[in-house]
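Observations on the three-dimensional arrangement
What follows is each chain in one-letter form.
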Amino acid sequence: MTTREESPTPAVDQITSWFAALDSQARRVLFAGPRAEIPSESVDEILTKGTKLAGPWFADLEDVEHFHLPDDVADYVDGVLIELQSWWIGLSNEQRLRWAEVESNVVPDDLQTSYPGLFAFVIGDEGAYADPQVVDFIAVAAA
């Protein structure tokens, strides 16, 4: 029998990979309420990628009909949300409006200096794009 002290602790990079791999709809649901009941249309996405990319974090889930994130996973999402909210609050109203218009387009050079430090730009052929997690947060925050 394994005691709690002997159980391996899941690595944070597993949960980071899981969250980054989620589709926009699932991420937006989680940004809107990480501790709320997850709508059924997002549960499969969350569990499938959770089991594949962050298995230990999703072990022993029982009630899929009334699904909530495990506490440790919700804590991670809360942490990401707090970082992004702190960044968002620090922006001027003009910058918020401009960020809301970026969506999945190239980030204008003058907005790049106000990018949240937690996330790297996605570099494409035409320039720098915001990480999809940032785009999803902005969609929820600007709504």
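Notes on the structure follow. Everything quoted here is computed from the prediction, not taken from an experiment.

**Side note on the packing of aromatic side chains**
- Summed over all chains, the structure comprises 10 aromatic pairs.
- With centroids separated by 6.1 Å and ring planes inclined at 70°, the aromatic side chains of Phe19 and Tyr76 adopt a geometry described as edge-to-face. Separated by 57 residues along the polypeptide, Phe19 in helix α1 (residues 12-21) and Tyr76 in helix α4 (residues 71-89) bring together distant segments of the chain.
- We classify Tyr76 as buried; its relative accessible area is 17%.
- Put simply, the rings of Trp18, Phe19, Phe31, Phe58, Tyr76, Trp87, Trp88, Trp99, Tyr115, Phe121 and Phe137 touch in pairs and so form one group of aromatic residues.

**A look at unusual backbone geometry**
- Its identity as a non-glycine residue notwithstanding, Glu103 has a phi of 45°, on the positive side.
- Relative to the helices and strands, Glu103 is located in the loop between α5 (93-102) and α6 (109-112).

**Thoughts on the packing of α4 against helix α7 (residues 132-142)**
- Orientation of α4 relative to α7, taken along the N-to-C sense of each, is 65°, at an axis distance of 11 Å. Relative to α7, the element α4 lies roughly perpendicular. For the element pair α4 and α7, the recorded crossing hand is right-handed. Mapping the contact onto sequence places Leu81, Leu84, Gln85, Trp87 and Trp88 in α4 and Gln133, Val134, Phe137, Ile138, Ala141 and Ala142 in α7.
- Of the residues belonging to the contact of α4 with α7, the class tally is nine nonpolar, two polar and no charged.

**Concerning the pattern of salt bridges**
- Evaluated as defined, the whole model comprises six salt bridges.
- Residue Arg27 pairs with Asp136 through a salt bridge whose shortest N-O separation is 2.7 Å. In this pair, Arg27 sits in helix α2 (residues 24-32) while Asp136 sits in helix α7, placing the two residues 109 residues apart along the sequence. Both residues of the pair, Arg27 and Asp136, count as buried.
- Residue Lys49 is joined to Glu45 by a salt bridge in which the shortest nitrogen-to-oxygen separation is 2.6 Å. With Lys49 and Glu45 both in helix α3 (residues 40-53) and four residues apart, this pair spans about one turn of that helix.
- Lys49 gets classed as partly exposed once you look at its relative accessible area, which sits at 24%.
- Ionic contacts of the salt-bridge type, sharing partners, join the residues Arg27, Arg28 and Asp136 into one network.

The rules we used
Residues numbered from 1 in each chain as written. Predicted model: local features only at pLDDT ≥ 70, side-chain atom pairs only at ≥ 80, totals over all residues. Heavy atoms only, no water. Phe/Tyr/Trp six-rings, centres within 6.5 Å; stacked < 30°, edge-to-face > 60°. Helix = DSSP H or I, 4+ residues; strand = E, 2+ residues; numbered from the N terminus. Buried < 20%, exposed > 50% of the residue type's maximum accessible area, 1.4 Å probe, protein only. Axes fitted to C-alpha atoms, helices over the stretch in contact; angles between N-to-C directions. Parallel < 35°, antiparallel > 145°, perpendicular 65-115°, else oblique. Left-handed = near helix turned anticlockwise from the far one by under 90°. Contact = heavy atoms within 4.5 Å. Nonpolar A, V, L, I, M, F, W, Y, C, P; charged D, E, K, R; others polar. Salt bridge = Lys/Arg side-chain N within 4 Å of Asp/Glu carboxyl O.

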